[in-house]
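Listed here are the chains, written in short residue letters.
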Amino acid sequence: MVLVSATACGGSSSAPTASAAPALQPSGGSARSIDYRCVHGRLGAIALSVPDLRKLAESLNPVNVCEYDGGLAEVTLTVNCDNGSPARVSLRAVGGKLPATASASC
């Protein structure tokens, strides 16, 4: 998992990194822009590397983008369907997180 940018961030208990290098925008087939809505209504977007859309929860939940806003309510992202056309897929969170079985596909 690679967190590259966020429109809004919560706190973190991890120590700061020694590198001041900027994060790189994900690229390639695993790069995803994910729109999210928090339980308390805050909206945002985050860019993540998500190698397997069947395991979206494994990539997004540890980031905890809605840590101070009541938890995650919903995410929306664009996926490519089997026929090659893109589709917007929305997934609802349960208990403030995406369920482990959440899958983004057409």
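Refer to the structure presented above.
These notes cover the structure that comes with them. Just so you know, these numbers come straight off a predicted model, no measurement behind them.

Definitions and limits used
Residues numbered from 1 in each chain as written. Predicted model: local features only at pLDDT ≥ 70, side-chain atom pairs only at ≥ 80, totals over all residues. Heavy atoms only, no water. Salt bridge = Lys/Arg side-chain N within 4 Å of Asp/Glu carboxyl O. Helix = DSSP H or I, 4+ residues; strand = E, 2+ residues; numbered from the N terminus. Buried < 20%, exposed > 50% of the residue type's maximum accessible area, 1.4 Å probe, protein only. Pairing = 2+ DSSP bridges.

### Concerning the pattern of salt bridges
Applying the stated rule across the entire model yields 4 salt bridges. With its nearest N and O atoms 2.6 Å apart, the salt bridge here joins Asp69 to Arg42. You can see Asp69 sitting in the loop between α1 (56–60) and β4 (72–80) and its partner Arg42 sitting in the loop between β2 (31–38) and β3 (43–49), a full 27 residues away along the chain. Overall, the relative accessible area of 17% leaves Asp69 in the buried class.

### Describing the pairing of β4
A large share of β4 lies buried, amounting to 7 of its 9 residues. In this structure, β2 lies alongside β4, joined through 4 bridges in antiparallel fashion. In the sheet register, Arg37 faces β4, and the bridge partner there is Glu74. Note that β4 and strand β5 (residues 86–92) share 7 bridges and pair antiparallel. Paired with Val79 across the bridge in β5 is Ala87.

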